[in-house]
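# A look at the structure
So the chains spell out like this:
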Amino acid sequence: MNRLIAAVLILALVVTVTWALWQRLNAAEARAELAEQQLAESQQREAQHQVVIDALWANTQRLNSQRRDLARQQSALKRTASHRLTTIEELQRDNATLRAWANTRLPDAVSRLRRRPAVTGAEAYHQSVRDPQPLQPTGQPADD
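The present account deals with the structure reproduced in this document. (Residues numbered from 1 in each chain as written. Predicted model: local features only at pLDDT ≥ 70, side-chain atom pairs only at ≥ 80, totals over all residues. Heavy atoms only, no water.)

## Brief notes about the overall build of the protein
- The helix and strand inventory of the protein stands at 4 helices and 0 strands.
- Helices (α) and strands (β) of the protein occur, in sequence order from the N terminus, as α-α-α-α.
- Approximately 13,300 Å² of the protein is accessible, and the part contributed by carbon and sulfur atoms is 60%. (Helix = DSSP H or I, 4+ residues; strand = E, 2+ residues; numbered from the N terminus. Areas by Shrake-Rupley, 256 points an atom, 1.4 Å probe, with all protein chains shown as cover.)

Here it is, written out as structure tokens:
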């Protein structure tokens, strides 16, 4: 009988240990599945972030290229304006008729345009449109 009790106890112990090992295995598998799921989510987020980074990088490259193009255009425009100003100064210095014309008084309509402040932006344009001083000629011919 003692052997029977010992055998039952050993069997119960083996079953208990087997059940405990099975529970630990299930828990380990669940943790492994959770870790794999978290890894997959992390990789997906990383891929999404990489897409954003790539888009931002491409945008930066495009903006830098546009900035360089604008700088080249600005440089070319400065050279052109400088050349034109030099040409105008040379013409005024060399041509008495042109010098006399350049020294004449501007017509009233044009001088009124020059008295107005420069329009910069939508609000300034709106204010200039609402300005009570019209730009239209008064109907009299311009003084030449």
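On we go from here.
## Some points on the pattern of salt bridges
- Summed over all chains, the structure comprises 2 salt bridges.
- Residue Asp69 pairs with Arg72 through a salt bridge whose shortest N-O separation is 2.3 Å. In this pair, Asp69 and Arg72 both sit in helix α1 (residues 2-94), 3 residues apart, roughly one turn of the helix.
- On the accessibility criterion, Asp69 (36% relative accessible area) is partly exposed.
- Ionic pairing is found between Arg105 and Asp108, a salt bridge with its closest N-O pair at 3.1 Å.
- Judged by its relative accessible area of 60%, Arg105 is exposed. (Salt bridge = Lys/Arg side-chain N within 4 Å of Asp/Glu carboxyl O. Buried < 20%, exposed > 50% of the residue type's maximum accessible area, 1.4 Å probe, protein only.)

## Digging into a nonpolar patch on the surface
- Residues Met1, Leu4, Ile5, Val8 and Leu9 make up a contiguous nonpolar surface patch of roughly 550 Å² in combined accessible area.
- Looking at the element boundaries, Leu4 is found in helix α1. (Patch = residues over 30% accessible without salt bridge, like charges linked within 9 Å, V, L, I, M, F, W, Y side chains within 5 Å.)

## A few points about the environment of Ile88
- Here Ile88 lies in helix α1.
- For the pair Ile88 and Arg99, spaced 11 residues apart in the sequence, the C-alpha separation amounts to 9.9 Å.

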